[in-house]
Amino acid sequence: MRIVAGDWRGRRLQSPPGQSTRPTTDRVRESLFNILQHAEWAQSTAAKLTDGTALVLDGFAGSGMLGFEALSRGAERCWFWDKSASAISTVRANIQHLKAEDQAIAQRQDAPKPPPAPRPVDLIFLDPPYEQGFIPLALSALTTQGWVHAESLIVGETKRREPLVLDASWQALDRREIGDTALNFYRWKPEI
């Protein structure tokens, strides 16, 4: 696995051992960040990545490829969570490999059971095991614990044929299908 673009372009990263982690492919990551850069509804997030102020959460990190891609492209800081000890060990090894200790926080944490947020983040990646309903659970908990603000952009990765159904407090911005993967983009609509 390699980083597609940015300061660490071409750098290879480790994957967790075994078959329990499904890394996001280079093609999907490249498409994802092209969408973030060019979609009208993502301009505030793209601007924060460009100016180095974006705060990111990689909620089901695995190897951390989505979060590392965001850091490579200019994010200020990324929290990497996974409930797997081997996945978090891999993320920590990748942090050391990239010398990103001042930008990255790796925690053994279950995204549907988050701690209180030190501050809300601007971009949240949720790439959990497919077809298990983790994304709605994680979003509800993240919102309750203060990780989400009105401009936070949510990217939920699902199987192409897997519908992602969220309640009315989430605005669907776009859905893109790339091979067998679907990228679902949402923003929170806080009650007024």
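The notes below deal with the structure included here. All of these numbers come straight from a predicted model, not from anything done at the bench.

## What about the sheet that holds strand 3 (residues 104–108)?
- Read from one edge of the open sheet, seven strands run 3-2-1-4-5-7-6, paired in mixed fashion. Two strands lie at the open edges of the sheet, namely strand 3 and strand 6 (170–178), each paired on one side alone. Averaged over all pairs of adjacent strands, the angle between their axes in this sheet comes to 15°, without regard to strand direction.
- As paired elements, strand 1 (residues 55–58) and strand 2 (residues 77–82) share four bridges and run parallel to each other. Of the residues in strand 2, the one forming a bridge with Val56 is Cys78.
- Packing against the sheet, helix 3 (residues 65–72) makes contact with strand 1, strand 2, strand 3 and strand 4 (121–126), and its axis sits at approximately 175° to strand 2.
- Strands in contact with helix 4 (residues 85–98) are strand 2 and strand 3; relative to strand 3, the strand with the most contacts, it is inclined by about 165°.

## Some points on the pairing of strand 7 (residues 181–188)
- Extensive coverage of strand 7 is indicated by the burial of seven of its eight residues.
- The pairing of strand 5 (residues 148–159) with strand 7 spans seven bridges and is classified as antiparallel. Its bridge partner being in strand 7, Leu153 is matched across the sheet by Arg187.
- The antiparallel hairpin formed by strand 6 and strand 7 contains two residues in its connecting segment, where Gly179 sits at a positive phi of about 60°.

What counts and what doesn't
Residues numbered from 1 in each chain as written. Predicted model: local features only at pLDDT ≥ 70, side-chain atom pairs only at ≥ 80, totals over all residues. Heavy atoms only, no water. Pairing = 2+ DSSP bridges. Helix = DSSP H or I, 4+ residues; strand = E, 2+ residues; numbered from the N terminus. Axes fitted to C-alpha atoms, helices over the stretch in contact; angles between N-to-C directions. Contact = heavy atoms within 4.5 Å. Buried < 20%, exposed > 50% of the residue type's maximum accessible area, 1.4 Å probe, protein only.

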